[in-house]
Amino acid sequence: MPTTASPSTAPFIAAADASTPAAQHDPHAITQRESWRQRSLMKLAALKAATPVTPLLELSPLLELSLRGLGEARILIKDERAHASGSLKHRLAMSLFEQALLKDWLTPGGPVIEASSGSTAVSEAWLARRLGLEFIAVVPRGTAFYKQQAIRGEGGRVVEIEDSARLCQHAQALADDSGGHFINQFRHAAKAGDWASDTSLPGECLAQIAARELPELQAVFLGAGTGGSAASFARHLRHKRHLHQGSHLHHGSHRARVIGVAPEHSVYHACWQHHRAHGTRTTALPVPQAINPIEGIGRPCVLEAFDPAHFDDYRRIADARSQAAALWLAEHAGLEVGTSTGTAFAGLLESLALRRARGESLAGSWLLLACDHAERYATSLGDPAWRAAQQSRLAPQRAWIEAFAD
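Residues numbered from 1 in each chain as written. Predicted model: local features only at pLDDT ≥ 70, side-chain atom pairs only at ≥ 80, totals over all residues. Heavy atoms only, no water.

Re the pairing of strand E4 (residues 135-140)
Counting buried positions along E4 yields six of six residues, so the element is predominantly enclosed. Because side chains alternate across E4, one face comprises the buried residues Phe135, Ala137 and Val139, and the other comprises Ile136, Val138 and Pro140, equally buried. Note: strand E3 (residues 112-115) against E4, four bridges, orientation parallel. Directly across from glutamate 114, in E4, lies its bridge partner alanine 137. After leaving E3, the chain enters helix H4 (residues 119-131) and then returns to the sheet as E4, a path that is right-handed. (Buried < 20%, exposed > 50% of the residue type's maximum accessible area, 1.4 Å probe, protein only. Helix = DSSP H or I, 4+ residues; strand = E, 2+ residues; numbered from the N terminus. Pairing = 2+ DSSP bridges. Right-handed = clockwise from strand over helix to strand, strands pointing away.)

Next comes the structure, spelled out in structure tokens:
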């Protein structure tokens, strides 16, 4: 059973009077609020400075078998599970809180509210606790129990709702009623993130590839929840191409492609296809009625931060293949990852299989992100009874993956 951090014993910062309407014109209250904001920014800067570089793993040395079917392909995995809050969303939480503080959107006495399918809320609850802020997560009903437990373990509150397409509306209404702030990853993720610097996620990846003298990066495979990570990679790569254009310092990895992977019940793949065909983004797409079992990526409606222009290609992955891929990584590589990572791994294998069938070279580095830990899915991937019940559905997908070892 996974462990969760105990709630903070530190009291919330008691400055609620500074957020009341009467206090908005009180010079003393305004000074108090500005002082609190500056202290919070300093705390956040210290937390960011203490954040270590996450490991870049190569798949082959971890395996007990050889993926001979992949030829010269070097599969790299950026292990974002190593963050203090346990997932890729740690970086996003830092960026969103920094943006909200810089723009003076947060009040010392008001709660911070997020709409999330789990991992973003866990990271934001972790950060809110350290900044002395109350945190409330609005999640779809059925969100993994251990994700909800992790939010509560950081002192956050969880509100479940039935209609996942109305997460944002519900979160905004809750913010309006409570006098809090809806931090809204789905609106701000693509803009809040630090994408240009060498310490950003894409900057870290490229620096690690270069430092280890690995082959040029050919593509990064990303599942989109908000689309923030894809935006960071796409913008960083374009920025580097522009900086090094015509320069002897140009590195081939800056030409890498960003390839999206989507679960079955997500409209993002259809949005990307529409953009490719018509050059425009649309939100007027059919909303799938089925529940998406691949938490963290895919949405029943196109949300604001998702920009199909950031993706060079997009693949729609069968849910059983995503789940089988995550289980295969745990069994053969010792990488206990969630289903969104399985989706990215399956998308990578599908892309390499197509290249092989076309007689194209597989040489180079191919990157995916280990987004979160399998312990957050202990009632599905980590449950022997669940795996036994799903065996007949997953077996053909496991056989498809294992064929690469032939």
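After that view, the rundown keeps rolling.
Points about the sheet that holds strand E6 (residues 181-182)
Here we have four strands laid out as an open sheet, ordered E5-E4-E3-E6, and parallel in their pairing. Of all the strands in the sheet, the pair left with one neighbour each is strand E5 (157-161) and E6.

Some remarks on the nonpolar core
Residues Phe233, Val258, Tyr268, Phe306, Phe311, Tyr314 and Leu367 are the most contacted members of the largest nonpolar core, which totals 44 residues. If we ignore the near neighbours within four places in the chain, the residues touching phenylalanine 233 are Leu201, Pro202, Cys205, Val220, Leu222, Val258 and Leu367. If you look at the next biggest cluster of nonpolar residues, it comprises 40 residues, including Ile259, Val261, Trp366 and Trp386. (Core = buried A, V, L, I, M, F, W, Y, C linked by side-chain atoms within 4.5 Å. Contact = heavy atoms within 4.5 Å.)

Side note on helix H5 (residues 145-153)
Looking only at H5, the buried set comprises Tyr146, Lys147, Gln148, Ala150, Ile151 and Gly153. In the core, the buried residues of H5 are packed alongside H4, E4 and E5. Positive phi shows up at glycine 155, right after H5, with a value of about 85 degrees.

Focus on the packing of aromatic side chains
The geometry of an aromatic ring pair comes down to the distance between the two centres and the angle between the two planes. According to the stated counting rule, one finds eight aromatic pairs in the structure shown. Arranged with centres 5.1 Å apart and planes meeting at 90 degrees, the rings of phenylalanine 145 and tyrosine 146 form a pair that is edge-to-face. With centroids separated by 5.3 Å and ring planes inclined at 90 degrees, the aromatic side chains of tryptophan 400 and phenylalanine 404 adopt a geometry described as edge-to-face. Tryptophan 400 gets classed as partly exposed once you look at its relative accessible area, which sits at 21%. Taken together, the ring pairs in this structure connect Tyr268, Trp272, Phe306, Phe311 and Tyr314 into an aromatic cluster. One cation-aromatic arrangement involves arginine 321 over tryptophan 400; the distance from NZ or CZ to the ring centre is 3.6 Å. (Phe/Tyr/Trp six-rings, centres within 6.5 Å; stacked < 30°, edge-to-face > 60°. Lys NZ or Arg CZ within 6 Å of the ring centre and 35° of its normal.)

Examining the pattern of salt bridges
Going through the model one piece at a time under the given rule, you end up with 22 salt bridges. Here arginine 130 makes a salt bridge to glutamate 154, at a shortest N to O gap of 3.4 Å. With arginine 130 in helix H4 and glutamate 154 in the loop between H5 and E5, the pair connects residues that are 24 residues apart, well separated along the chain. Residue class for arginine 130 comes out partly exposed when judged on its relative accessible area of 32%. Across the pair glutamate 295 and lysine 147 runs a salt bridge, and its minimum N-O distance is 3.0 Å. Separated by 148 residues along the polypeptide, glutamate 295 in the loop between helix H10 (268-278) and strand E9 (313-316) and lysine 147 in helix H5 bring together distant segments of the chain. Classification of glutamate 295 by relative accessible area gives buried; the value is 15%. (Salt bridge = Lys/Arg side-chain N within 4 Å of Asp/Glu carboxyl O.)

Quick look at the layout of surface pockets
In this structure, the second largest pocket spans a volume of roughly 700 Å³. Along the walls of the second largest pocket sit 36 residues, with Pro140, Arg141, Ser164, Ile291 and Asn292 positioned nearest its centre. Grouping the constituent residues of the lining of the second largest pocket by class yields 18 nonpolar, 12 polar and six charged. (1 Å grid on protein atoms, 1.4 Å probe; cavity = no way out; pocket = protein on both sides within 12 Å on 5 of 7 lines; lining within 4 Å. Points joined across faces, edges and corners; volume = space filled by probe spheres on them. Nonpolar A, V, L, I, M, F, W, Y, C, P; charged D, E, K, R; others polar.)

Remarks on the packing of helix H3 (residues 89-102) against helix H7 (residues 185-192)
Closest axis-to-axis distance for the H3/H7 pair is 9 Å, and the angle between their directions is 95 degrees. In this view, H3 runs roughly perpendicular relative to H7, as classed from their interaxial angle. Listed contacts from H7 to Leu92, Ser95, Leu96 and Gln99 of H3 are Gln185, His188, Ala189 and Ala192. Looking at the contact of H3 with H7 residue by residue, the class counts come to four nonpolar, four polar and no charged. (Axes fitted to C-alpha atoms, helices over the stretch in contact; angles between N-to-C directions. Parallel < 35°, antiparallel > 145°, perpendicular 65-115°, else oblique.)

Topic: the environment of alanine 192
Secondary-structure assignment places alanine 192 in helix H7. Under the relative-accessibility criterion, alanine 192 is labelled buried at 16%. Sequence separation of alanine 192 and phenylalanine 97 is 95 residues, and the distance between their C-alpha atoms is 9.0 Å. Setting aside anything within four residues of it in sequence, one finds alanine 192 in contact with Ser95, Leu96 and Gln99.

Remarks on the confidence of the model for the protein
Put simply, the protein has an average pLDDT of 88, and 90% of its residues get 70 or more. The secondary structure element of the protein with the lowest average pLDDT is helix H9 (residues 228-244), at 86, and the one with the highest is strand E1 (residues 56-58), at 98. In the predicted structure, residues 1-23 sits below a pLDDT of 50 and forms 39 contacts with residues beyond four places in sequence or in another chain. (pLDDT = per-residue confidence, 0-100.)

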